[in-house]
Amino acid sequence: MPKPGKLASVINCLLILTLLVSCSGKTSAEDIDKETQSVSSWVATANMVGDAWIRGAVPNKYAEQTLKKAQEELRKEKEKIDEIKLSKDVSEHDKSVLIAEVFQLANKTQEMSKAVVQKNRSVVRQKLGELAAEKRSLNKLRKVAGQTNE
């Protein structure tokens, strides 16, 4: 049997660790909001580059590489959202809808990148419109998640 002083120290350490873990944990809504902000930033990047490319303000290679990077980062964000453990503040349905939305955004960005390679400005213009619609949906989802968190 451990000495009383050692046992108290071990118990105190365990209590402190438990408190630290429980106090530092974010809610799933906060995690999702953070990832959604990152998604919005990458979508804005894709939008700016696509628009600049249509106007001839950036080289083909720059636009292609930036759009590929945006697509990769959007896919990473989708994975991060998928890994978020849900708490009572976010439903599985809301999370699934958000994952599907981010997947669509990544696909639109990939299509834009391919259109840049093909030097097809009309397709990029079309995809920019679709990207804007998807981003509006993303913002609506974000507002809904924010309301469930309040």
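Residues numbered from 1 in each chain as written. Predicted model: local features only at pLDDT ≥ 70, side-chain atom pairs only at ≥ 80, totals over all residues. Heavy atoms only, no water.

On to the overall build of the chain, then. Within the chain, the regular secondary structure consists of five helices and zero strands. Secondary structure of the chain in N-to-C order comes out as α-α-α-α-α. Of all 150 residues assigned to the chain, the portion counted as buried reaches 33%. Taking contacts inside the chain between residues at least 6 apart in sequence as the whole, the part at least 24 apart equals 75%. Looking at the chain as shown, the accessible area adds up to about 9,300 Å², and 57% of this sits on carbon and sulfur atoms. (Helix = DSSP H or I, 4+ residues; strand = E, 2+ residues; numbered from the N terminus. Buried < 20%, exposed > 50% of the residue type's maximum accessible area, 1.4 Å probe, protein only. Contact = heavy atoms within 4.5 Å. Areas by Shrake-Rupley, 256 points an atom, 1.4 Å probe, with all protein chains shown as cover.)

Before going further, it helps to examine the pattern of salt bridges. Scanning the model with the defined rule gives eleven salt bridges in all. For Lys-68, the salt bridge goes to Glu-64, with nearest N and O atoms at 3.2 Å. With a gap of four residues between them, Lys-68 and Glu-64 both fall in helix α3 (residues 60–83), about one helical turn apart. Exposure remark for Glu-64: the relative accessible area of 14% places this residue in the buried category. Of the charged contacts in the structure, one is a salt bridge between Lys-127 and Glu-111, with a shortest N-O distance of 2.7 Å. With Lys-127 in helix α5 (residues 121–149) and Glu-111 in helix α4 (residues 92–117), this pair connects stretches of sequence that are 16 residues apart. When salt bridges with common partners are traced through the structure, they connect Lys-108, Glu-111, Lys-127 and Glu-130 into a single cluster. (Salt bridge = Lys/Arg side-chain N within 4 Å of Asp/Glu carboxyl O.)

What follows is about α3. Over its 24 residues, α3 extends 35 Å from the first C-alpha to the last, a length consistent with the 34 Å expected when each residue adds 1.5 Å. The set of residues buried in α3 consists of Ala-63, Glu-64, Thr-66, Leu-67, Ala-70, Gln-71, Glu-73, Leu-74, Glu-77, Lys-78 and Ile-81. (Expected span 1.5 Å × (residues − 1).)

Bringing the packing of aromatic side chains into the picture now. With the rule as written, the count across this model stands at zero aromatic pairs. Sitting over the ring of Trp-53, Arg-121 keeps its end group 4.2 Å from the ring centre. (Phe/Tyr/Trp six-rings, centres within 6.5 Å; stacked < 30°, edge-to-face > 60°. Lys NZ or Arg CZ within 6 Å of the ring centre and 35° of its normal.)

This part takes up the nonpolar core. Ranked by size, the top nonpolar core spans 29 residues in total, and within it Val-39, Trp-53, Leu-105 and Val-124 carry the most contacts. Contributions of two or more residues to this core are made by α2 (28–54), α3, α4 and α5. For this core, the element with the most residues is α2, which contributes nine residues. If near-sequence neighbours (up to four positions away) are discounted, Val-39 is found in contact with Leu-74, Glu-77, Val-102, Leu-105 and Leu-138. (Core = buried A, V, L, I, M, F, W, Y, C linked by side-chain atoms within 4.5 Å.)

A word on unusual backbone geometry. Within the chain, Lys-119 stands out as a residue other than glycine whose phi angle is a positive 55°. Residue Lys-119 is classed as exposed on the basis of its relative accessible area of 56%.

To continue, consider the packing of α2 against α3. Contact geometry of α2 with α3 gives a least axis separation of 9 Å together with a crossing angle of 165°. Considering their axes alone, α2 and α3 lie roughly antiparallel with respect to each other. By crossing handedness, the relation of α2 to α3 is classed as left-handed. Taking contact as the criterion, the partners of Glu-35, Ser-38, Val-39, Trp-42, Val-43, Thr-45, Ala-46, Val-49 and Trp-53 in α2 are, on α3, Asn-60, Tyr-62, Ala-63, Thr-66, Leu-67, Lys-69, Ala-70, Glu-73, Leu-74, Glu-77, Lys-80 and Ile-81. Looking at side-chain class alone, the contact of α2 with α3 contains twelve nonpolar, four polar and five charged residues. (Axes fitted to C-alpha atoms, helices over the stretch in contact; angles between N-to-C directions. Parallel < 35°, antiparallel > 145°, perpendicular 65-115°, else oblique. Left-handed = near helix turned anticlockwise from the far one by under 90°. Nonpolar A, V, L, I, M, F, W, Y, C, P; charged D, E, K, R; others polar.)

Side chains of residues three or four places apart in an α-helix project in the same direction, reflecting 3.6 residues per turn. For α2, spanning 27 residues, the distance from its first C-alpha to its last is 39 Å, which sits close to the expected 39 Å at 1.5 Å a residue. Remark: Gly-56 follows α2 within two positions and exhibits a positive phi of approximately 75°.

Read these as spatial facts, not as claims about activity.
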